[in-house]
Every structure is written in structure tokens, then in C-alpha cells.
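Spelled out from the first residue to the last, the chains are:
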Amino acid sequence: MLIRIKKASDVAAREITPEALVLNRRRFMAAAGAGAAAGLLPGTAGAAEEPFDVTPGFRVTPTRGYEKLADGEAVTLPFSVWAYNNFAEFGPEKTDPVQNAERFKPRPWTIAVDGLCAKPGMLDLDAFLKPNAFEHRTYRLRCTETWSIVVPWIGISLAAALKRFEPLGSAKFVRFETVLRPEEMPGQKTSALVWPYTEALRIDEAMHPLAFLAVGMYGQPLFPQNGAPIRLVVPWKYGFKSIKSIVRISFAEVQPTTSWNQRIPKEYGFWANVNPAVDHPRWSQKNERRLGEFMRRPTLMFNGYAEEVGQMYAGMDLVKNF
Ligand code: MTE
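It should be emphasised that the depicted structure is a prediction, and the values quoted were computed from it without experimental measurement. (Residues numbered from 1 in each chain as written. Predicted model: local features only at pLDDT ≥ 70, side-chain atom pairs only at ≥ 80, totals over all residues. Heavy atoms only, no water.)

## What about the site of the ligand?
So, step 1. In the vicinity of the ligand, 17 residues are found, and the nearest of them are Ala 88, Glu 89, Arg 231, Ser 242 and Lys 244.
So, step 2. In the environment of the ligand, a nitrogen atom lies 2.8 Å from a nitrogen or oxygen atom belonging to the side chain of Glu 89.
So, step 3. Measuring from an oxygen atom of the ligand, one finds a side-chain N or O atom of Lys 244 at 2.7 Å.
So, step 4. Bound to the protein, the ligand loses 97% of the 540 Å² it would expose on its own.
So, step 5. The class makeup of the residues in the shell around the ligand is eight nonpolar, six polar and three charged. (Near = heavy atom within 4 Å. Polar contact = N/O pair within 3.5 Å; in protein donor to acceptor, adjacent residues only side chain to side chain. Areas by Shrake-Rupley, 256 points an atom, 1.4 Å probe, with all protein chains shown as cover. Nonpolar A, V, L, I, M, F, W, Y, C, P; charged D, E, K, R; others polar.)

Okay, structure coming up:
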């Protein structure tokens with residue numbers, strides 16, 4: 001039997017740079033620029049204060065927005081966010097997105113806004129973003145699979161972005177659609193979901209001040225695996241509502257069909273508000289594992305945003321409407 005005697009100079013396991021971060025560092029440096037890359041290493045997420053290029057020549061300087069975390073809550077280590085992803089378009093496993101996103105081209109990018117609005121349009125992403133104020137928002141994200149992360153996003157208020165297209169009074173829902181490019185997204189050649197991935201919010205949810213469209217994280221543009229070049233972030237709902245790589249936004253009168261709800265309606269409700277009292281049919285939702293932490297922590301109603309969003313669901317049966 002080999003008995004290993006610990007020396008004071010031994011490196012603790014937690015100090016070892018995660019392998020995937022090392023393996024992918026070259027690709028990541030190419031995407032982010034070497035200077036910005038340093039900001040992604042654990043413990044240096046403060047680079048988020050710097051202006052950054054959304055596209056070459058379009059620099060944004062975000063102002064600080066929402067950041068109300070409980071004592072002891074920290075921004076999740078970038079490795080967890082960067083190489084542990086759900087993005088079915090790139091495959092079913094957590095490391096598929098970072099490995100299979102090489103061919104994905106987040107530029108050029110256009111967004112169509114249509115349906116029940118007075119000023120529909122098809123805009124280049126920069127034109128879509130430009131009139132809006134950029135903000136930092138540090139939010140919790142809770143996946144229905146019971147893992148969670150805390151991410152410093154950069155982006156724009158969804159409400160501000162939508163109002164410009166003048167939604168009509170008859171618009172009761174907002175539908176979002178991910179790009180359909182099977183040649184760049186190998187998962188779209190499988191029948192895992194009906195493609196393109198779609199999601200939707202009720203109009204008051206979409207207009208809520210917490211609803212956000214992210215174009216960056218950790219002070220730099222989104223990586224393909226995190227939903228480049230633009231994704232939704234709805235922090236009080238399970239992560240599957242936060243649809244990635246959006247190309248189309250539509251105002252609708254009738255509740256739209258959404259991907260996971262269509263695939264397994266008993267497991268993935270349309271509303272998907274984080275709710276520790278309503279278990280997933282195959283597991284409890286009472287607690288969660290914050291990536292990078294050892295102990296599980298209790299899951300909070302509306303993911304800790306009940307004070308802000310609870311009123312929208314007053315009188316609604318949240319067990320029936322899960
Ligand atoms: N958007 C698209 N288009 N396709 C997906 O598979 N997965 C969702 C959501 N957005 C998904 C998506 C799920 S289940 C989660 S938990 C989050 O993205 C994960 O975001 P992250 O990988 O950036 O942490």
C-alpha cells in the first residue's frame with residue numbers, strides 16, 4: 001500500500017486549472033483576444049468593467065445594473081460556465097457545445113422582429129442593439145437539472161429592445177427562435193428536439209425589468225457555446241427558457257409552442273418558474289448544486305427573485321401551471 005504524506009507545498013486539488021480550460025485556451029484566446037482572456041481566469045472576473053467590442057468597430061461601455069446576491073454567493077468559476085453547457089444544437093452532452101461549436105459563425109447576424117407589432121423589421125444585430133443602454137447584470141441561473149451558476153452578463157433590457165417595435169395591444173406573448181443551421185450545429189441533424197429551438201414568455205414577463213438580452217459575459221462577447229451572439233436571460237425561470245442564438249422574435253396572441261414543452265410536456269411546463277415546491281417528475285427541485293461548490297443549497301422560490309416577480313403570478317396556481 002502506498003501511503004502519501006502531504007507536504008505543505010502540495011497544490012490543493014481546487015487550485016489546479018481545469019483541464020478543459022487549458023485544452024481550449026487557444027480557441028478561447030482567438031475568440032476573445034489575449035488581453036481579455038486573462039479576465040476569464042478564476043478570480044479575475046473584474047474585467048467586466050472594461051468596454052468591449054460587440055463587433056469590430058462597435059464598442060460598448062456597460063453601466064452597472066442588477067446585482068443583488070445573498071451573502072456568500074459568488075460569481076461561478078468561468079470554467080463551469082464556459083465548458084459545461086446545455087445547447088442541444090451542438091449535442092446532448094455537457095462538453096459537446098464547447099467541442100462542436102467550431103464551425104458556428106455568430107457574424108454576420110440579423111434578427112427579425114415580426115407578428116403583432118406596428119413596426120416589424122429585419123435588422124443587423126448592431127442596428128438592433130445600438131439604441132439601447134448596455135448594462136452589467138449579475139444573475140443566478142438555475143437549470144431544471146438542479147445545477148446552478150452565477151454569471152455576470154452584459155446586455156440590454158429586453159423590454160427596451162421590444163418597445164421600439166411597438167407591440168400591439170393584442171400581443172399577449174413573445175416568441176423567440178434560435179438560428180437553424182444544421183451544417184454548423186450538428187445536433188440539428190438529430191431528432192432530439194423539433195428544430196429550430198423555440199421559447200416564449202407572456203408579454204408582461206417579457207416586459208419585466210429583470211428580463212434581459214445578453215451579448216456578453218465576463219466582460220467580453222458571448223462564446224458560441226453560451227449562445228453567441230445574443231441570448232435571452234430570464235433569471236427567475238428554469239434555464240431552458242433562456243434561449244440562445246436568437247434570430248427571430250415574434251409577438252403573438254396565442255401561447256406559442258415551445259421546444260421542451262412540446263417534447264416532454266409532463267416534465268417541462270410552459271411557465272417553468274423556479275419552484276422548490278414542484279418536483280420534476282424524476283427528481284426533487286428542493287435543492288441544487290451550485291457549480292464549483294461541494295454542498296447542495298436550498299432552491300429559492302423564483303430563484304430568489306420572488307420580491308421582484310412574484311406579483312406577476314398573484315392568484316395563479318403555480319402547481320398546475322408549472
Ligand atoms: N437554447 C438553445 N437554443 N438550445 C438549448 O439547448 N438549453 C437551455 C438554455 N438555452 C438551450 C438553450 C438550457 S436547458 C439551459 S440550462 C441554458 O441554456 C444553459 O445555458 P449555459 O450553457 O450558457 O449555462
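## As for the pairing of strand E6 (residues 135-142)
So, step 1. Most of E6 is tucked away, with eight of its eight residues classed as buried.
So, step 2. Burial along E6 is two-sided: the face carrying Glu 135, Arg 137, Tyr 139 and Leu 141 and the face carrying His 136, Thr 138, Arg 140 and Arg 142 are both buried.
So, step 3. Relative to strand E7 (residues 147-157), E6 runs antiparallel, the two being bridged by eight bridges. Paired with Arg 137 across the strands is Trp 153, a residue of E7.
So, step 4. Adjacent in sequence and paired antiparallel, E6 and E7 are bridged by four residues, among which Thr 146 carries a positive phi angle near 80 degrees. (Buried < 20%, exposed > 50% of the residue type's maximum accessible area, 1.4 Å probe, protein only. Helix = DSSP H or I, 4+ residues; strand = E, 2+ residues; numbered from the N terminus. Pairing = 2+ DSSP bridges.)

## A look at unusual backbone geometry
So, step 1. The residue after Trp 195, namely Pro 196, is reached through a cis peptide bond having omega -5 degrees.
So, step 2. Along the chain, the position of Pro 196 falls in the loop between strand E8 (173-178) and strand E9 (198-202).
So, step 3. The amide bond that connects Ala 228 to the next residue, Pro 229, takes the cis arrangement and shows omega of -5 degrees.
So, step 4. In the Ramachandran plot, Tyr 218 falls in the positive-phi region, its phi being about 50 degrees despite a non-glycine side chain.
So, step 5. Residue position: Tyr 218 is located in the loop between strand E10 (212-217) and strand E11 (220-221).
So, step 6. Located in the positive-phi region is Ala 272, a residue other than glycine, with phi close to 55 degrees.

## A word on the pattern of salt bridges
Pairing between side chains becomes possible if they bear opposite charge and their charged atoms approach one another.
So, step 1. One pass over the structure, following the stated rule, counts 25 salt bridges.
So, step 2. A salt bridge links Glu 288 to Arg 142, with the shortest nitrogen-to-oxygen separation between them at 3.1 Å. In this pair, Glu 288 is assigned in strand E14 (residues 287-290) and Arg 142 in strand E6, connecting sequence segments 146 residues apart. In this pair, the class of Glu 288 matches that of Arg 142, namely buried.
So, step 3. Across the salt bridge formed by Glu 267 and Arg 282, the nearest N and O atoms sit 2.7 Å from each other. Here the residue Glu 267 occupies a position in the loop between helix H9 (259-263) and E14, and Arg 282 occupies one in the loop between H9 and E14, the gap between them amounting to 15 residues.
So, step 4. Residues joined in a network through salt bridges with shared partners are Glu 73, Arg 140, Arg 142, Glu 288, Arg 290, Glu 293 and Arg 297. (Salt bridge = Lys/Arg side-chain N within 4 Å of Asp/Glu carboxyl O.)

## A few points about the pairing of strand E13 (residues 246-252)
So, step 1. With six of its seven residues buried, E13 lies for the most part within the structure.
So, step 2. When strand E4 (residues 110-115) meets E13, the two strands line up parallel, connected through four bridges. When the bridges of E13 are listed, Val 113 appears paired with Ile 249.
So, step 3. In terms of strand pairing, E8 meets E13 through six bridges, oriented antiparallel. Each residue of the ladder has a partner; that of Phe 173, found in E13, is Ala 252.

## A closer look at the side chain of Glu 205
So, step 1. Residue position: Glu 205 is located in helix H8 (residues 203-206).
So, step 2. Looking at Glu 205, its side chain comes within polar contact range of the side chain of Lys 237, at 2.7 Å.
So, step 3. A polar side-chain atom of Glu 205 sits 2.5 Å from a polar atom in the side chain of Tyr 313.
So, step 4. Ignoring anything within four residues of it in the chain, the contact list for Glu 205 reads Ala 211, Trp 236, Lys 237, Trp 271, Asn 273, Met 312 and Tyr 313. (Contact = heavy atoms within 4.5 Å.)

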